Amino acid sequence: MTPFLGELVGTMILIIFGAGVVGGVLMKNSKAEGSGWIVITIGWGLAVAMGVYAVGNFSGAHLNPAVTIGMASIGEFPWADVPSYIAAQMIGGIIGAVIVYFHYLPHWQETADPEAKLAVFATIPAIRHPLSNLTSEIIGTFILLLGLLTIGANEFTEGLNPLIVGALIVAIGMSLGGTTGYAINPARDLGPRIAHFFLPISGKGSSDWGYAWVPVVGPILGGSFGALFYQQVFEGVNSLAFWVVGAITIAILLGAQFTIRKEKEAVLKTEVAERV
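Let us look at the structure shown here. The model shown is predicted, which means the values in this text are computed figures rather than measured ones. (Residues numbered from 1 in each chain as written. Predicted model: local features only at pLDDT ≥ 70, side-chain atom pairs only at ≥ 80, totals over all residues. Heavy atoms only, no water.)

**Focus: the overall build of the protein**
Across its full length, the protein holds 11 helices and 0 strands. Against the 2.2 N^0.38 benchmark of 19 Å for 276 residues, the protein shows a C-alpha radius of gyration of 19 Å, consistent with a compact globule. With respect to the principal axes defined by its C-alpha atoms, the protein has extents near 65 × 50 × 30 Å. For the protein, the residues scored as buried account for 51% of the 276 residues in total. Long-range contacts, defined as pairs at least 24 residues apart, comprise 76% of the intrachain contacts of the protein with a sequence gap of at least 6. Only carbon and sulfur atoms are counted for the fraction: they give 68% of the accessible area of the protein, which is about 12900 Å². (Helix = DSSP H or I, 4+ residues; strand = E, 2+ residues; numbered from the N terminus. Rg over C-alpha atoms; globule rule 2.2 N^0.38 Å. Buried < 20%, exposed > 50% of the residue type's maximum accessible area, 1.4 Å probe, protein only. Contact = heavy atoms within 4.5 Å. Areas by Shrake-Rupley, 256 points an atom, 1.4 Å probe, with all protein chains shown as cover.)

Printed below as a string of structure tokens:
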């Protein structure tokens, strides 16, 4: 198996299990309907573990453009291979989503809520606020890359690493996923979102392209900063990229805080004007 095919198949497996568990929880008349967030987070954690087990020996099992770019940013992966890895991950994400569509074929018509149908494929923020949503994706993917690198620095029993990585995904989902649905992976979100757009899903509604940039930009920025932070702080390797990406990240975090404050002030002014 080539690395390209490995990334394609691994990401496909990731989406089959990950989007599949969301479908089980959200689709009407599924036996798993209503089983909740804990089931979703565990399902996604196991999805990552199974994908890594399947193709880790062939491609290193990035299964995520944020991981690929993050590793390249610290010299742990050749930049020349980045485009082919990302292409494979995107194709795998689309194929996995199509398989999930066929798996739940009779349930799409039974499910009235178009947002629930979209949620099987792509992330939707709990509170729509672009800079805050971007911040959540940056933080979640920062922790993902920092976690992957710290896990890799330790010696585990052979074959156990994918399960530890799966546990990391569960932890991110339970602790940080409630704001945006923790895409933390552009291929996990954009690939299935493209599939949602083209598939003949009954009553599917919008694919929400206005939000689609957040789970792409956030993970790439957060993943790169997580990897650079590890290199800078844990390994003592100073780089200009760390300071540049760190400055951009901090600017976004402060921008989110500023816009929230301004919006709150505007609401208060409106309430006062209405009382007068």
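Next, the rest of the story.
**Some points on a nonpolar patch on the surface**
A cluster of nonpolar residues, Phe17, Met50, Tyr53, Leu160 and Leu163, forms a patch on the protein surface that exposes about 420 Å² of accessible area. Summarising the element assignment, Met50 is placed in helix α2 (residues 37-59). (Patch = residues over 30% accessible without salt bridge, like charges linked within 9 Å, V, L, I, M, F, W, Y side chains within 5 Å. Salt bridge = Lys/Arg side-chain N within 4 Å of Asp/Glu carboxyl O.)

**Re the nonpolar core**
Among the nonpolar cores identified, the biggest contains 58 residues, and Leu14, Trp44, Trp108, Val120, Phe121, Leu144 and Ile169 are the most heavily contacted of them. Ignoring sequence-local partners within four residues, the contact set of Leu144 consists of Asn64, Val67, Leu168, Ile169, Ile172 and Ile184. (Core = buried A, V, L, I, M, F, W, Y, C linked by side-chain atoms within 4.5 Å.)

**Considerations on the packing of aromatic side chains**
Tallied over the full model, the rule gives 14 aromatic pairs. Centre to centre, the rings of Trp108 and Phe121 are 5.5 Å apart; their planes meet at 25°, and the pair counts as stacked. On the criterion of sequence distance, the pair formed by Trp108 in helix α5 (residues 107-110) and Phe121 in helix α6 (residues 114-121) is long-range, its members being 13 residues apart. Here Trp108 matches Phe121 in class, with each residue buried. On the basis of an interplanar angle of 40° and a centroid distance of 5.4 Å, the ring pair of Phe142 and Phe225 is categorised as tilted. Remark: Phe225 occurs in helix α10 (residues 214-234) and Phe142 occurs in helix α7 (residues 130-152); sequence separation between them is 83 residues. On the basis of relative accessibility, which here comes to 16%, the residue Phe142 falls in the buried class. Judged by its relative accessible area of 14%, Phe225 is buried. Here the aromatic residues Phe142, Phe225, Phe229, Phe242 and Trp243 are joined through ring pairs into a cluster of three or more. (Phe/Tyr/Trp six-rings, centres within 6.5 Å; stacked < 30°, edge-to-face > 60°.)

**Here's the deal with helix α4 (residues 82-103)**
Taking 1.5 Å of rise per residue, the 22 residues of α4 would be expected to cover 32 Å, and the 31 Å separating its terminal C-alpha atoms lies within 8% of that figure. Among the residues of α4, Val82, Tyr85, Ala88, Gln89, Met90, Gly92, Gly93, Gly96, Ala97, Val100 and Tyr101 are the ones counted as buried. Against α1 (3-26), α2, α3 (65-73), α5, α6 and α9 (186-198) lie the buried residues of α4. (Expected span 1.5 Å × (residues − 1).)

**Section: the environment of Tyr104**
Note on placement: Tyr104 falls in the loop between α4 and α5. The buried category is assigned to Tyr104, whose relative accessible area is 10%. In the structure, Tyr104 is positioned 77 residues away from Met27 in sequence and 8.0 Å away in space, judged by C-alpha atoms. Look past the residues within four positions of Tyr104 in its chain and what remains in contact with it is Gly20, Gly23, Gly24 and Met27.

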